[in-house]
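For reference, the chains in residue letters:
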Amino acid sequence: MKEKIHNFLESDLLEKYLIGQTNLEETHQVERYIAMYPEIREAYRELEDNLETFARLYARKAPEGLRSRIALSIRNQQSGRRRFIRYAVAASIATLFFAASSVFFWNQNQHLQQENAMVTDQIRVLEADMKEQLEDVRNQFIVLNNPGTRKYMVNGNKKASDLKAIAYVNPIKKLSYINVRNLPQLPEDQCYQMWAEVNGSMVNLGILKDIKDKDKLMALPYGEKAVGYITIEPKGGNNAPSVQNIVANIKY
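Criteria and cut-off values
Residues numbered from 1 in each chain as written. Predicted model: local features only at pLDDT ≥ 70, side-chain atom pairs only at ≥ 80, totals over all residues. Heavy atoms only, no water. Patch = residues over 30% accessible without salt bridge, like charges linked within 9 Å, V, L, I, M, F, W, Y side chains within 5 Å. Areas by Shrake-Rupley, 256 points an atom, 1.4 Å probe, with all protein chains shown as cover. Salt bridge = Lys/Arg side-chain N within 4 Å of Asp/Glu carboxyl O. Lys, Arg positive; Asp, Glu negative; His and termini not counted. Charge placed at Lys NZ, Arg CZ, Asp CG, Glu CD. Helix = DSSP H or I, 4+ residues; strand = E, 2+ residues; numbered from the N terminus. Buried < 20%, exposed > 50% of the residue type's maximum accessible area, 1.4 Å probe, protein only. Core = buried A, V, L, I, M, F, W, Y, C linked by side-chain atoms within 4.5 Å. Contact = heavy atoms within 4.5 Å. Pairing = 2+ DSSP bridges. Axes fitted to C-alpha atoms, helices over the stretch in contact; angles between N-to-C directions. pLDDT = per-residue confidence, 0-100.

Draft legend 1. How the structure looks around a negative patch on the surface. A cluster of like negative charges, contributed by Glu42, Glu46, Glu48 and Asp49, occupies part of the molecular surface. Within the fold, Glu48 resides in helix H4 (residues 38-58). Given the relative accessible area of 34%, Glu48 is considered partly exposed.

Draft legend 2. Spotlight on the nonpolar core. Grouped together as the largest cluster of nonpolar side chains are 24 residues, with contacts concentrated most on Leu163, Tyr192, Ile230 and Tyr252. Those elements giving two or more residues to this core turn out to be strand S2 (164-170), strand S3 (175-182), strand S4 (190-198), strand S7 (227-234) and strand S8 (246-251). For this core, the element with the highest residue contribution is S4, accounting for four residues. What Tyr252 contacts, discounting residues up to four positions off in sequence, is Tyr152, Val169, Ser176, Ala196, Val198, Leu220, Pro221, Tyr222, Gly223, Ala226, Val227 and Gly228. By size, the runner-up hydrophobic cluster in this structure holds 14 residues, among which are Leu13, Val30, Tyr33 and Ile40.

Draft legend 3. How the structure looks around the pattern of salt bridges. Within the structure shown, the criterion is met by two salt bridges. Asp12 is paired through a salt bridge with Lys173; the nearest N and O atoms lie 2.2 Å apart. Of this pair, Asp12 sits in the loop between helix H1 (2-10) and helix H2 (13-18) while Lys173 is found in the loop between S2 and S3, placing the two residues 161 residues apart along the sequence. Here Asp12 falls in the buried class, since its relative accessible area comes to 14%. Owing to a relative accessible area of 30%, Lys173 belongs among the partly exposed residues under this scheme. Lys16 is the partner of Glu26 in a salt bridge, and the nearest nitrogen-oxygen pair spans 3.6 Å.

Draft legend 4. Representation of the sheet that holds S8 within the structure. A sheet is described by the order of its strands in space; here four strands give the open sequence S5-S4-S7-S8, paired in antiparallel fashion. The outermost strands of the open sheet, each flanked by one partner alone, are strand S5 (201-208) and S8. Each strand of the sheet is rotated relative to its neighbour by a mean of 25°, with strand direction disregarded. Judged from the eight bridges that link them, S4 and S7 form a sheet pairing that is antiparallel. For Cys191, the partnering residue across the bridge sits in S7 and is Glu233.

Draft legend 5. Focus on the sheet that holds S3. Spatially, four strands are ordered S1-S2-S3-S6 in an open sheet, and the strand pairing comes out antiparallel. The sheet is open, and its two edges are formed by strand S1 (150-155) and strand S6 (218-220), each paired on a single side. Going from strand to strand, the sheet's axes swing by 25° on average, the running direction of each strand aside. Here S1 pairs with S2 via six bridges, running antiparallel.

Draft legend 6. Seen up close, the confidence of the model for the chain. When pLDDT is averaged along the chain, the result is 76; 71% of the residues meet or exceed 70. Across the chain, the element-wise mean pLDDT spans from 50 in helix H5 (residues 66-94) up to 92 in S7. Between residues 80-101, whose pLDDT stays under 50, and residues either more than four places distant or in other chains, the model counts 14 contacts.

What follows is the structure, given as structure tokens:
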């Protein structure tokens with residue numbers, strides 16, 4: 001019985017159920033286990049509390065200007081439709097006198113259709129961006145709360161002795177994140193840059209900027225026996241890591 005409960009808790013069914021990602025069969029199984037086993041019921045309540053705390057700590061603001069961009073897009077659509085109606089009415093009257101004017105109104109209609117298509121594309125991009133951010137928050141929640149997640153403390157070497165970071169790796173879900181908590185000050189012409197060596201390929205993860213949010217997590221590409229690096233590079237970053245300037249590495 002204990003093994004059965006342990007295996008259930010090791011899976012991600014509770015997390016999936018909590019955020020509404022289970023199918024009908026999985027939902028019935030989770031609800032049955034919660035009702036039957038006090039250990040699972042307690043774990044579920046703890047996850048509920050963690051999710052509430054996580055939502056407060058890690059909630060992300062909408063992208064800068066998102067609300068105004070959507071409002072502007074809607075106004076443009078409405079304005080475009082009103083202009084289209086005016087042009088259509090004017091065209092129907094004008095064609096009684098000047099058949100050539102139909103070309104002008106046809107061009108205007110085409111222009112409005114192009115504007116509407118552009119607005120639609122912008123909204124789709126915004127929706128995709130928000131969906132990606134939501135998926136990232138979901139993955140962070142799973143990594144931080146799943147019992148299968150491994151935690152690695154990362155310290156800088158002599159070149160950056162005050163560098164502190166924590167890596168979270170979940171081999172079951174194949175997810176990995178790093179929380180850089182402290183970066184020593186560098187001269188203005190230098191910067192810190194993050195890299196990951198995964199399956200024999202070096203991946204540039206970008207420049208590490210000044211830490212304003214000490215709880216922020218940065219996604220790491222997952223791979224078997226992957227290695228992460230933090231290096232000191234010239235301002236603006238490098239296309240390849242400066243091996244002699246490695247200040248920290250994370251084997252995960």
